[in-house]
Amino acid sequence: MVENGRETEFFDLRNQIYCTDCMELMAHIPDSFVSLILTDPPYGISYQNHFARQPHKRLDGDCGIDYERFAWESYRILRDNSHAYFFTRFDCYPYHFDCLQKAGFTVKNCLVVEKGTVGGIGDLKGSFANNAEWIIFCQKGRRVFQQTQLLENRYKEGTQFHKGRKPSKRYKTRFPACWFGAEYPKATYHAIWQKQNGIYHPTVKNVEFLSWLIQISSTPRELVFDGFMGTGSTALAALRNSRDYLGAEIDREYFAVAQKRIKEVFEHV
Ligand SMILES: C[S@@+](CC[C@H](N)C(=O)[O-])C[C@H]1O[C@@H](n2cnc3c(N)ncnc32)[C@H](O)[C@@H]1O
């Protein structure tokens, strides 16, 4: 089948993760096909945690992906008036920002979200420990946030602060760009979680946190794309919120972990 001039015959483009290069999968996705991009690409920094007792293996793609091409393809496959979240790091941020803007995205914010564990420690005596994830939040066109039940307002529902203004709602409609403290889910799990759940990946993300972004930026049955699925966290978050998912993971071991996690979701319903 050919959609928008793209060959889609070998790719079922809903609720699938492919064990392939993200760019290979993207080449088969028609223009404006996905409703939300929520993705955690390798940063191109040869990430390896030397401090863990059993260091994680080096991540594929950590010598760098063609970020410029990835940004253009992301813009192409995203529907108009939709959101995109790209995980980044402080030292890659300027380059990623530049590529995303050149591709056509409007960069709205940089979300800074507390990690569940302190990570990326290099110089123990001469640098600050890295305790936050940075996420570039972009729009193609304009989309307003969905009304969610994620955070309750502190004051009573219906409170009218100023004459002529609408009474307050029970749930917050506006979120800050910095998520720290008990009110918010952490961006990553604590190291003990990986051990308890038998899921080993150097940059696994918290499904609850991804769920928040999915609820804010999409509606049920919309399609969420992540070209770098790792252990499948974005797919799990999409399923948890009745969204469809699509993505790639190049590493066979992580791909297998993602498949196992997804299968377990269906075994528990
Ligand atoms: C930062 S991690 C994502 C982790 C994921 N968010 C999770 O919670 O498990 C990036 C992943 O991209 C994969 N990767 C690297 N290059 C890739 C490529 N060209 N295409 C698809 N996956 C790739 C790596 O194997 C790694 O698992």
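### Topic: the pattern of salt bridges
Between side chains of opposite charge, pairing is possible as soon as their charged atoms come close.
Link 1 in the chain: Per the counting criterion, the structure on display carries 17 salt bridges.
Link 2 in the chain: When the shortest N-O distance is used, the salt bridge between Asp244 and Arg14 registers 2.6 Å. Pair noted here: Asp244 is in strand β10 (residues 244–248) and Arg14 is in the loop between β2 (6–7) and β3 (16–18), with a separation of 230 residues, a long-range link.
Link 3 in the chain: The partly exposed category is assigned to Arg14, whose relative accessible area is 36%.
Link 4 in the chain: We classify Asp244 as buried; its relative accessible area is 7%.

### Focus: helix α5 (residues 207–217)
An α-helical segment advances 3.6 residues per turn. Residues three or four places apart therefore align on the same side.
Link 1 in the chain: Along α5, nine of the eleven residues are buried, which leaves the element largely enclosed by surrounding structure.
Link 2 in the chain: A side-chain oxygen of the first residue of α5 lies 2.9 Å from the backbone nitrogen of Glu208; this N-cap is Asn206.

### Points about the pairing of strand β7 (residues 130–140)
Link 1 in the chain: Most of β7 sits out of view: eight of its eleven residues are buried.
Link 2 in the chain: Here seven bridges tie strand β5 (residues 78–88) to β7, and the two strands are oriented antiparallel to one another. Residue Tyr85 lies in a different strand from β7, and its bridge partner there is Phe137.

### Focus on the nonpolar core
Link 1 in the chain: Grouped together as the largest cluster of nonpolar side chains are 38 residues, with contacts concentrated most on Ile17, Leu38, Tyr85, Trp179 and Phe209.
Link 2 in the chain: Those elements that provide at least two residues to this core are β4 (34–39), β5, β6 (106–119), β7, α5, α6 (233–240) and α7 (252–267).
Link 3 in the chain: A total of seven residues in this core trace back to one element, the largest contributor, which is α5.
Link 4 in the chain: In this structure Tyr85 touches Leu36, Ile37, Leu38, Thr39, Leu111, Ile135, Ile136, Phe137, Leu213, Ile216 and Ser217, once residues within four positions along its chain are discounted.
Link 5 in the chain: In terms of nonpolar packing, the next biggest core, distinct from the first, is built from 31 residues, Phe11, Met23, Ile29 and Leu223 among them.

Scoring rules and cut-offs
- Residues numbered from 1 in each chain as written.
- Predicted model: local features only at pLDDT ≥ 70, side-chain atom pairs only at ≥ 80, totals over all residues.
- Heavy atoms only, no water.
- Salt bridge = Lys/Arg side-chain N within 4 Å of Asp/Glu carboxyl O.
- Helix = DSSP H or I, 4+ residues; strand = E, 2+ residues; numbered from the N terminus.
- Buried < 20%, exposed > 50% of the residue type's maximum accessible area, 1.4 Å probe, protein only.
- Polar contact = N/O pair within 3.5 Å; in protein donor to acceptor, adjacent residues only side chain to side chain.
- Pairing = 2+ DSSP bridges.
- Core = buried A, V, L, I, M, F, W, Y, C linked by side-chain atoms within 4.5 Å.
- Contact = heavy atoms within 4.5 Å.

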